[in-house]
Structures are given as structure tokens and as C-alpha cells.
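Breakdown of the fold
Listed below are the residues making up each chain.
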Amino acid sequence: MTQMIATGETILVVGGGISGMTSALEAAECGKQVVLVEKSPTLGGRTALLYRYFPKLCHPACGLEINLRRLKGNRKVRVLTLAEVTKIEGRRGDYRVTLRIAPRYVNENCTACGACADAVSTEIPNPWNYGLNRMKAAYLPHAMAYPQRYVLDPSILGTPESEKARAACRYGAIDLEMNEETIRLNAAAVIWATGWKPYDAAKIQPYGYGRFANVITSVEFERLADPHGPTGGRIVRPSDGKEANNIAFIQCAGSRDENHLRHCSRICCMASLKQTQYVREAYGDAARSTIYYIDIRAIDRFEDFYRKVQADKMVTFVKSKPARIDEDRATGELTVHGVDTEGYHRYATAHDLAVLAIGMEPSVRGADIPAEVLEDSSGFLQPLPAGAVFGAGCATNALDVNRSVQSATAAALRAIQVVNRMARAES
């Protein structure tokens with residue numbers, strides 16, 4: 001067990017996505033000591049997995065690269081990856097936190113040269129592409145990964161593959177003797193920024209996700225369109241690799257539904273509007289996108305983007321929540337069935353691919369956080385007024401990137417207030 005010394009001005013930030021990075025930076029740049037922990041091997045969260053942001057359609061590097069530079073240059077932030085909080089004890093201004101650090105099996109000598117990946121042949125599902133392809137068991141998570149260090153998957157430990165990786169490294173970076181560590185630290189306040197996860201689309205049985213290869217989720221489609229994704233940016237059908245230029249985008253897949261998620265996930269409408277433009281860019285006038293929707297929730301500055309997509313003659317809007325999806329087993333073609341609620345007529349429309357605009361739910365429900373907090377009916381964090389465990393970003397609600405950053409900044413300010421009050425009380 002390792003003891004980490006932290007002062008009474010330390011703020012612990014749990015989660016290294018855009019919200020956690022923002023909270024950590026805002027607090028550190030106000031002079032506070034910050035420990036930022038992330039359970040995966042790299043910072044960036046789901047924002048790093050986007051192809052583009054709406055409405056400007058710029059790459060996430062626009063925001064993440066700046067934040068990473070700020071982190072690297074700030075000595076008041078200590079970053080721990082592969083780290084998970086297992087216990088939080090104490091009270092406002094005086095928390096005792098236990099962290100579990102999983103081994104990376106690659107030490108700080110790593111130069112990200114890739115020799116270890118070249119040496120091994122074992123492949124594992126690629127979580128950063130939502131399992132749409134496979135990657136080497138010695139891997140750099142993605143091009144923007146921070147820290148820029150490779151990881152060895154535990155599945156090859158004790159096999160000849162791990163020895164091949166060690167032998168290939170000229171810098172002595174492969175450390176097969178690494179063990180799990182436990183770290184304890186003190187913190188005045190905790191910011192919980194563990195983000196969101198896509199709702200399990202297989203639970204929406206009438207849509208056939210998991211049974212029909214050409215039914216995918218919006219987050220999977222985002223990776224298909226990305227040149228760094230599993231298909232090199234080619235928008236194709238998973239079943240046979242054929243071009244998919246007649247696509248159904250189905251809104252509220254799991255959201256606003258008493259059988260699934262009660263809340264509106266907020267990003268889904270804008271995600272589908274954005275993704276129709278990927279199809280347009282890929283296939284030009286041969287592109288056909290159909291958006292099946294209950295209503296389109298594009299607010300504030302996003303309304304203009306919505307109007308732009310509405311004006312695209314290759315995008316059709318059908319006001320309907322489809323009843324089911326069928327598959328032609330011989331061709332893989334899909335048929336979307338439902339009733340158009342504007343014309344009240346039934347439809348059975350053929351598509352190459354169906355994209356479910358999947359709902360958001362918290363990655364860690366409030367009830368599963370090892371501290372005294374409350375959760376709402378959807379599992380989002382509701383802090384106790386007397387405590388100093390503050391939620392940030394999608395741990396508190398379904399939010400887009402812009403609103404997540406605003407939420408994270410607010411959480412940092414609340415944590416700073418706790419530290420300042422403790423400092424005044426001690427003086």
C-alpha cells in the first residue's frame with residue numbers, strides 16, 4: 001500500500017473526460033492542488049471518440065488539445081490513470097479517499113514507438129471503437145491519448161506474447177512485474193465527473209440491435225465516419241462492407257420512454273442532424289438520410305444548424321417513433337415499420353443501415369458512488385447540501401460538451417469555495 005501526501009487544499013477530481021479535465025484545470029489555475037484520476041489508460045473520455053462537434057463540425061482536437069497542453073504545463077495537477085475510487089470517508093473539508101491503481105505494465109520510459117505492438121500478434125476488441133474492430137494487445141488507445149504511453153492488456157500476461165513485447169522494447173519500458181496499488185489521500189472536496197455511457201440498445205428489442213448486423217448506435221456510427229475509426233472513415237454496412245448511403249436515423253432510442261430512460265438525453269437530435277452531414281459528405285447527391293423523430297430538440301444556437309439540415313433535399317424528416325425493424329436475411333436490407341403521425345399513414349421503408357440515436361445514462365449511478373450523495377430517478381448525482389462531493393458534467397445530467405464544460409467550471413468554483421473556507425477557518 002502506498003500513502004500519498006495531500007494537503008488540506010487538495011481537490012480530488014474523479015473522471016478524466018472533458019468535464020473532469022475542465023474542473024481540474026479551473027481549480028489548479030486558481031492555485032489549488034488537484035489530483036485528477038481516470039479509470040481508463042487515457043484522458044479525454046467520450047469527447048475524444050467524437051469525429052466532429054456540432055454545430056461547426058470541427059474535430060474534438062480543437063478543445064482537447066488546448067486542455068492537454070494546459071494540463072502538461074500545470075504542476076498543480078497530478079494525473080493518475082487506470083485509477084478507481086473505492087472508498088470516500090470523512091466530511092466536508094476533510095475526506096479520506098482510497099484509490100485502486102491497475103497496472104499498465106508499461107513504465108515512464110515508454111516513447112510510444114510502437115515496437116511492442118509490432119512484436120505481438122494477439123488481438124482484442126477495440127473499446128475506443130466500441131468493439132467494431134480489433135486491436136493489438138499492446139496498444140496506444142488512440143492518437144490523442146494522454147499520457148502517450150502504451151498499455152499491455154492483462155490477457156497476454158504470462159504468455160510468450162508478453163515476453164515478445166518486452167524483448168522488442170529498447171527502452172526497458174515493459175514491466176511485467178507491475179502490481180495493483182492502493183493509494184490513500186486526503187481531500188478537502190471531491191468533484192465527481194465520471195461522465196455517461198450509451199444506453200444498452202439491445203434492450204430495445206423491436207429494433208433488433210445485436211440481432212441485425214446493420215442496426216448500430218449513434219456512437220458506433222460516429223466512429224465509422226472518423227478517418228481514424230474501424231473503416232478508415234468509410235460509411236459501410238457492418239454485415240458485408242457495402243456502401244451505406246440510404247440510412248435511417250431513429251431518435252429517442254431508449255430516451256423519453258418509461259420502459260427505458262425517462263429523461264431526454266439532449267444530444268441525440270443534434271447528433272443525428274450532424275451525422276446526416278457525414279453521409280452527405282461521403283456520398284454527395286447519392287446520399288439519402290431519413291430522420292424518424294418525436295420532435296427535434298435543437299435549442300439556442302443549434303436552431304440554425306437544424307434549419308440548414310432541413311434545407312438539404314437529401315434529408316427526409318418523418319414524424320414518427322418506429323414500431324419495429326425487420327431484416328431480409330438474404331440481403332441484410334432493413335425495413336423500418338411505423339406510422340407517420342403527421343399524415344397518419346403506415347410506412348414500411350427500406351434502408352441499408354439503421355442508426356439508433358441512443359440515450360445517455362450516467363457511467364456511475366449516484367447510488368454506486370462510495371460517498372454520501374443522492375441520485376435522481378435516472379441515477380444522476382444529486383449532492384447533499386452539507387457535503388463537498390460535487391457533480392460535474394454528465395454525472396449530473398444529460399449534457400452536450402458545451403454545457404458539460406459550464407457544469408464542470410461551476411463544480412470547480414464550489415470546490416474552491418470549500419478550500420478557501422477551510423483555509424480561513426484554520427487561520
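Below: a short report on this structure.

How each quantity is defined
Residue numbers run consecutively from 1 along every chain, following the written order of its sequence. Local features in a predicted model are, by the rule used here, given only for residues with pLDDT of at least 70; side-chain atom pairs are given and counted only at 80 or more, and totals for whole chains, interfaces and linings are based on all residues. Where side-chain values are given, they derive from all heavy atoms of the structure, hydrogens and water being excluded. When DSSP finds two or more bridges between a pair of strands, those strands are recorded as paired. Only DSSP runs of H or I reaching four residues or more are called helices, and only runs of E reaching two or more are called strands; each is numbered from the N terminus. Geometry is summarised by axes, namely lines fitted to C-alpha atoms with helices restricted to the contacting stretch, and by angles between N-to-C directions that run from 0 to 180 degrees. Note on exposure labels: buried denotes an accessible area under 20% of the residue type's maximum, exposed denotes more than 50%, and partly exposed covers the range between, all computed with a 1.4 Å probe on protein chains only. The contact rule is simple, with two residues in contact once any of their heavy atoms fall within 4.5 Å. Take the far helix as the reference: if the near one is turned anticlockwise from it by less than a right angle, the crossing is left-handed, and if turned clockwise, right-handed. The classification used treats Ala, Val, Leu, Ile, Met, Phe, Trp, Tyr, Cys and Pro as nonpolar, Asp, Glu, Lys and Arg as charged, and all other residues, Gly among them, as polar. Here a cavity is any set of points on a 1 Å grid over the protein atoms alone where a 1.4 Å probe fits but cannot get out, and a pocket is any open set with protein on both sides within 12 Å along at least 5 of 7 lines; a residue lines the site when it has an atom within 4 Å of a point. Grid points are joined across faces, edges and corners, and a volume is the space filled by probe spheres set on the points.

As summarised here, the arrangement of the three strands in space is 18-19-20, forming an open sheet in which the pairing is antiparallel. Each edge of the sheet is formed by a strand with only one pairing partner; in this case those strands are strand 18 (324-327) and strand 20 (345-351). Each strand axis lies, on average, 25 degrees off the axis of its neighbour in the sheet, ignoring direction. As defined by bridge partners, strand 18 adjoins strand 19 (residues 334-340) across four bridges and the pair is classed as antiparallel. Considered in strand 19, the bridge of I325 is made with V336.

All right, on to helix 1 (residues 18-28) then. In terms of burial, helix 1 is a largely internal element, ten of the eleven residues being buried. What helix 1 keeps buried is the set I18, S19, G20, M21, T22, S23, A24, L25, A27 and A28. Elements that come into contact with the buried residues of helix 1 comprise strand 2 (10-14), strand 3 (33-38), helix 2 (61-72), strand 4 (77-81), strand 12 (189-192) and helix 8 (401-426).

Moving on to the sheet that holds strand 21 (residues 353-358). The five strands lie next to each other as 14-21-15-16-17, forming an open sheet whose pairing is parallel. Strands at the two margins of the open sheet, each flanked by one partner only, are strand 14 (215-217) and strand 17 (315-319). Between one strand axis and the next, the sheet turns by 25 degrees as a mean value, whatever way the strands run. With three bridges joining them, strand 14 and strand 21 adopt parallel strand pairing. Each residue of the ladder has a partner; that of V215, found in strand 21, is A354. Set on the sheet, helix 5 (residues 218-225) makes contact with strand 14, strand 15 (246-253) and strand 21; between it and strand 14 the angle comes to about 90 degrees.

The next subject is the packing of helix 5 against helix 6 (residues 268-283). At a minimum axis distance of 11 Å, the contact between helix 5 and helix 6 shows a crossing angle of 35 degrees. Our pair here, helix 5 against helix 6, has a crossing hand that is left-handed. Residues S218, F221, E222 and A225 of helix 5 touch helix 6, and the partners they reach there are K274, Q275, Y278 and V279. Taken together, the residues that form the contact of helix 5 with helix 6 break down as four nonpolar, two polar and two charged.

The omega torsion of the bond from Y146 to P147 falls at 5 degrees, within 30 degrees of zero and hence cis. Mapped onto the elements, P147 comes out in the loop between strand 9 (138-139) and strand 10 (151-152). Even without being a glycine, Y130 presents a positive backbone phi close to 55 degrees. In this structure, Y130 sits in the loop between strand 7 (123-125) and strand 8 (134-136). Overall, the relative accessible area of 21% leaves Y130 in the partly exposed class. You will see that Y344, though not glycine, has its phi angle at about 50 degrees, which is positive. Residue placement: Y344 occurs in the loop between strand 19 and strand 20.

Leftover empty space is mapped by rolling, across the atoms, a probe with the size of a water molecule. Each pocket or cavity is described by its volume, and for the second largest pocket that value is around 490 Å³. Forming the boundary of the second largest pocket are 19 residues, of which L80, T81, I101, E108 and R149 lie nearest the centre. Among the secondary structure elements, those contributing two or more residues to the lining of the second largest pocket are strand 4 and strand 11 (181-187). Of all the elements, strand 4 adds the most residues to the lining of the second largest pocket, at four residues. Of the residues that constitute the lining of the second largest pocket, the class distribution is eleven nonpolar, three polar and five charged.

This part covers empty space enclosed by the protein. Scanning all chains against the criterion turns up three cavities of 30 Å³ or more. Quantified by volume, the largest cavity comes out at close to 70 Å³. What lines the largest cavity is a set of 13 residues, and nearest its centre among them are C110, C113, G114, C116 and C169. Residues that form the lining of the largest cavity fall into these classes: eleven nonpolar, two polar and no charged.

Attention now moves to helix 5. Burial within helix 5 is extensive, with eight of its eight residues counted as buried. Residues S218, V219, E220, F221, E222, R223, L224 and A225 constitute the buried set of helix 5.

This next bit is on the environment of L64. As for its position among the elements, L64 is in helix 2. Relative accessible area serves as the criterion here: at 3%, L64 is assigned to the buried category. For the pair formed by L64 and G44, sequence separation is 20 residues and the distance between their alpha carbons is 7.0 Å. In this structure, L64 is in contact with I18, M21, G44, T47, A48 and M144, ignoring residues within four places of it in sequence.

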